[in-house]
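Architecture at a glance
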Amino acid sequence: SGKNESRTLSVFLWLSFCQTSSWAHTLGLYYNNIFVFFNGTVHAVVSRIPADVSFLTLQFHTHHRNVTLSYTPIPLYGSSVTAADAGLLSTLTLSQTTVSWFLKTPDGSSAAGVGVILPYTSADPVPGACNQEFPLEIDPNIYLQYNLFETTITFAPANIGYGRGESPPACDVDTDSSTRWRLVYELYQYFLPEGDLSEQSLISSLERAANVQNMQDNGRKVVSLSSHDRTQFSFSSLPGQGVIFSVIVRDPVLNTSASYIPVHTYACSFNSTLDGCSDLGRVSSKVFFTVMGLAGLFVCFVGHRFFKLSLNSLLTGCLSAVRLALTALMGVVGGVAMVMSWWRFGSVMACVLVVGLILGFLISSIAFFTPLGDIPIFHNDVVFWVVFACIMVFVPLFFIRWPREGNIITCGVVGGYAVVLAVNAYTYTSLSYITLDVLKRLLNHNFSRAFISVPLQDIDFIMITVWVVLGVSGIVMQLYREKSRPFFPPSPYVMWKQERERRKTNVLDPSHHKPSLSARILGRIRQLTQRTEPAGETTPLLF
């Protein structure tokens with residue numbers, strides 16, 4: 001039965017910890033794979049706790065199923081937490097040597113995951129001990145929410161450590177160095193392998209991020225903050241990319257630290273079709289970006305020679321690079337308008353300026369895709385857009401003296417990036433967020449507060465190499481081919497007007513004596529509609 005299965009598993013957990021209690025205390029870490037049976041409850045018991053341990057945290061992580069972790073057999077409000085990454089903190093009394101927790105699923109289904117137990121001494125900070133927002137009295141959990149644009153994490157402030165049986169220090173009475181206001185928080189990220197949504201990958205990654213030392217060795221520190229700063233942060237959502245977030249609180253006076261309960265997300269749902277992880281690689285997206293990739297390859301190597309096609313492709317590709325549908329339609333309309341302007345008036349300067357702005361947009365996006373984009377001053381929308389626009393406008397002004405070279409460089413760089421986006425439709429790469437993050441910031445005013453760091457893994461470095469090789473080879477090939485040609489192809493309309501004027505003034509030109517097009521059409525119509533009269537005798541008269 002579920003009850004017997006629960007009791008057997010509880011004994012297993014208890015024996016595992018008892019037999020290795022000295023090892024667990026020395027390392028400050030204990031792992032165990034746990035399975036929650038259908039309609040069952042896992043009773044986790046920790047015994048023989050050393051006297052120098054003041055509090056313990058238990059964390060339990062599943063791939064995507066919610067579990068309920070509680071202090072009591074029946075979960076109650078204020079004594080339990082339900083999440084895919086759940087954790088509880090238990091403070092100890094003077095003579096206490098045993099702690100127990102209860103684990104079950106909210107809907108009675110089965111679930112598998114990994115449990116982690118961390119012991120702390122009286123010198124270590126107590127994560128979430130100054131909680132005034134969430135139901136638990138002491139809440140070491142990190143609460144995560146995500147949408148299409150951003151992922152937000154929130155956690156409760158910590159308190160300085162205290163010994164067994166002692167009253168916890170007051171949270172908000174004083175703000176001097178003897179209170180919790182001296183504590184410092186560090187926010188860490190750990191990226192899972194790109195495109196890997198498997199449970200095995202998550203479990204192995206959580207083992208590298210479960211405690212303070214492991215997260216310092218394997219994670220990426222995003223920001224440090226004092227106790228006076230907000231305990232809420234936003235990050236750019238990366239659908240399909242697994243990310244583990246962790247907060248480490250430090251006591252600079254005692255040189256100690258403690259970890260909150262790490263939390264993970266894929267910015268997509270395994271249970272819903274609305275934002276499902278299985279819908280990330282849709283066929284329509286693959287077809288669209290494949291076509292754009294082929295167009296980008298064409299533009300990269302022969303874009304300047306076929307000026308009309310490349311101008312349309314560049315504008316369409318630039319806008320559609322930030323996503324499909326409406327932006328692609330805008331790109332087509334804009335490209336056709338620019339081609340018609342060049343065809344009718346014969347001036348390439350307006351087209352060159354637009355092409356330069358496209359290159360400037362991509363260069364500015366690349367600049368803010370780097371750690372430069374996470375500098376606090378650029379979280380201000382006014383500062384960000386002013387600097388972004390300045391970089392974007394500078395590029396066409398720089399190339400106005402060399403319009404042909406500017407157009408060829410734009411063809412190489414933007415065409416190579418279109419190929420990268422085409423590859424992204426089949427295998428995940430972070431380079432698509434170069435332009436996507438700019439679109440997010442344009443559409444969502446709250447995105448300015450988000451950190452936009454993304455993982456750069458093996459596939460990303462491979463695609464950067466491909467991009468550089470395509471861009472450089474395309475630029476060199478076009479510069480070599482076009483060095484003896486006119487800077488830009490002439491306007492067809494201007495050429496037609498010149499040819500017409502030449503025919504009017506050159507009487508030796510046979511076409512000068514030809515009827516006009518309208519006269520020829522009317523003559524042909526008369527031949528088809530009127531009956532031809534006999535011309536009489538056609539032989540010469542004999543005298």
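Residues numbered from 1 in each chain as written. Predicted model: local features only at pLDDT ≥ 70, side-chain atom pairs only at ≥ 80, totals over all residues. Heavy atoms only, no water.

Here we look at the pairing of strand β10 (residues 150-155)
Of all six residues that make up β10, six are buried, and the element is covered over most of its length. Neither face of β10 is open: one carries Glu150, Thr152 and Thr154, the other Thr151, Ile153 and Phe155, and all of them are buried. Summarising the sheet, strand β9 (residues 142-146) and β10 pair through five bridges and their orientation is antiparallel. Paired with leucine 144 across the two strands is isoleucine 153, which belongs to β10. Count of turn residues in the β9/β10 antiparallel hairpin: three residues. Where β10 meets strand β13 (residues 232-236), five bridges bridge the pair, whose relative direction is antiparallel. Bridge assignment links isoleucine 153 to a residue of β13, and that residue is phenylalanine 233. (Buried < 20%, exposed > 50% of the residue type's maximum accessible area, 1.4 Å probe, protein only. Helix = DSSP H or I, 4+ residues; strand = E, 2+ residues; numbered from the N terminus. Pairing = 2+ DSSP bridges.)

Comments concerning the state of the cysteines
Per the stated rule, a full pass over the model turns up one disulfide. What pairs with cysteine 130 in a disulfide is cysteine 171, and their sulfur atoms sit 2.0 Å apart. Measuring handedness by torsion sign, the sulfur bridge of cysteine 130 and cysteine 171 sits at about -90° and is left-handed. Of this pair, cysteine 130 sits in the loop between β8 (111-121) and β9 while cysteine 171 is found in the loop between β10 and β11 (184-191), placing the two residues 41 residues apart along the sequence. A residue is classified by how much of its surface remains accessible, and cysteine 130, at 5% relative accessible area, is buried. No disulfide involves cysteine 300; its nearest neighbouring cysteine sulfur is the one of cysteine 411, lying 8.4 Å away. With a relative accessible area of 1%, cysteine 300 lands in the buried category. (Disulfide = S-S within 2.5 Å.)

Let's talk about a nonpolar patch on the surface
A grouping of Leu456, Phe461, Ile464, Val468, Val472 and Val476 is seen on the molecular surface, where their side chains present a nonpolar patch of about 510 Å² in accessible area. With respect to the helices, strands and loops of the structure, valine 468 is situated in helix α12 (residues 458-482). (Patch = residues over 30% accessible without salt bridge, like charges linked within 9 Å, V, L, I, M, F, W, Y side chains within 5 Å. Areas by Shrake-Rupley, 256 points an atom, 1.4 Å probe, with all protein chains shown as cover. Salt bridge = Lys/Arg side-chain N within 4 Å of Asp/Glu carboxyl O.)

Structural notes on the packing of aromatic side chains
Any two aromatic rings considered together are summarised by their centre-to-centre distance and by the angle between their planes. In this structure the tally under the stated criterion is 19 aromatic pairs. Relative to tyrosine 185, the ring of phenylalanine 155 has its centre 5.6 Å away and its plane inclined at 45°; by these criteria the two rings are tilted. Residue phenylalanine 155 is located in strand β10, and its partner tyrosine 185 is located in strand β11; the two are separated by 30 residues in the primary sequence. A single burial state applies to phenylalanine 155 and to tyrosine 185, both of which are buried. An aromatic cluster is defined as three or more aromatic residues linked by ring pairs; in this entry it consists of Phe361, Phe368, Phe378, Phe384, Trp385 and Phe388. Against the face of tryptophan 181 rests arginine 180, its NZ or CZ located 3.9 Å from the ring centre. When the ring centre of phenylalanine 384 is taken as reference, the NZ or CZ atom of arginine 441 above it lies at 3.9 Å. (Phe/Tyr/Trp six-rings, centres within 6.5 Å; stacked < 30°, edge-to-face > 60°. Lys NZ or Arg CZ within 6 Å of the ring centre and 35° of its normal.)

What to know about the packing of helix α8 (residues 349-369) against helix α9 (residues 381-398)
For any two helices packed against each other, the geometry is given by the interaxial angle and the distance between the axes. Between α8 and α9, whose axes approach to 7 Å, the crossing angle comes to 135°. As summarised for this structure, α8 and α9 are arranged oblique, according to the angle between their axes. Relative to α9, the crossing made by α8 is right-handed. In contact with Leu353, Gly356, Leu357, Leu359, Gly360, Phe361, Ile363, Ser364, Ser365 and Phe368 of α8, α9 contributes Phe384, Val387, Phe388, Ile391, Met392, Val393, Val395 and Pro396. (Axes fitted to C-alpha atoms, helices over the stretch in contact; angles between N-to-C directions. Parallel < 35°, antiparallel > 145°, perpendicular 65-115°, else oblique. Left-handed = near helix turned anticlockwise from the far one by under 90°. Contact = heavy atoms within 4.5 Å.)

A look at the confidence of the model for the chain
The predicted model of the chain has a mean per-residue pLDDT of 79, with 75% of residues at 70 or higher. Low pLDDT (under 50) marks residues 1-29, which in the prediction has 50 contacts with non-local residues, meaning those over four places away or in another chain. Scored below 50 in pLDDT, residues 319-326 shows 23 contacts in the model against residues more than four places distant or in partner chains. (pLDDT = per-residue confidence, 0-100.)

Some thoughts on the nonpolar core
In this structure, Tyr185, Phe233, Phe235 and Tyr260 are the most contacted members of the largest nonpolar core, which totals 50 residues. In this view, phenylalanine 233 contacts Thr151, Thr152, Ile153, Phe155, Leu187, Val223, Leu225 and Phe451; residues no more than four positions away in its chain are not counted. Ile34, Val42, Val53 and Ile117 belong to the second largest nonpolar core, which has 21 residues in total. (Core = buried A, V, L, I, M, F, W, Y, C linked by side-chain atoms within 4.5 Å.)

A word on helix α3 (residues 199-207)
The set of residues buried in α3 consists of Ser201, Leu202, Ile203, Ser205 and Leu206. Two or three places before serine 201, at the start of α3, stands the capping residue serine 198, its side-chain oxygen 3.3 Å from that residue's backbone nitrogen. (Polar contact = N/O pair within 3.5 Å; in protein donor to acceptor, adjacent residues only side chain to side chain.)

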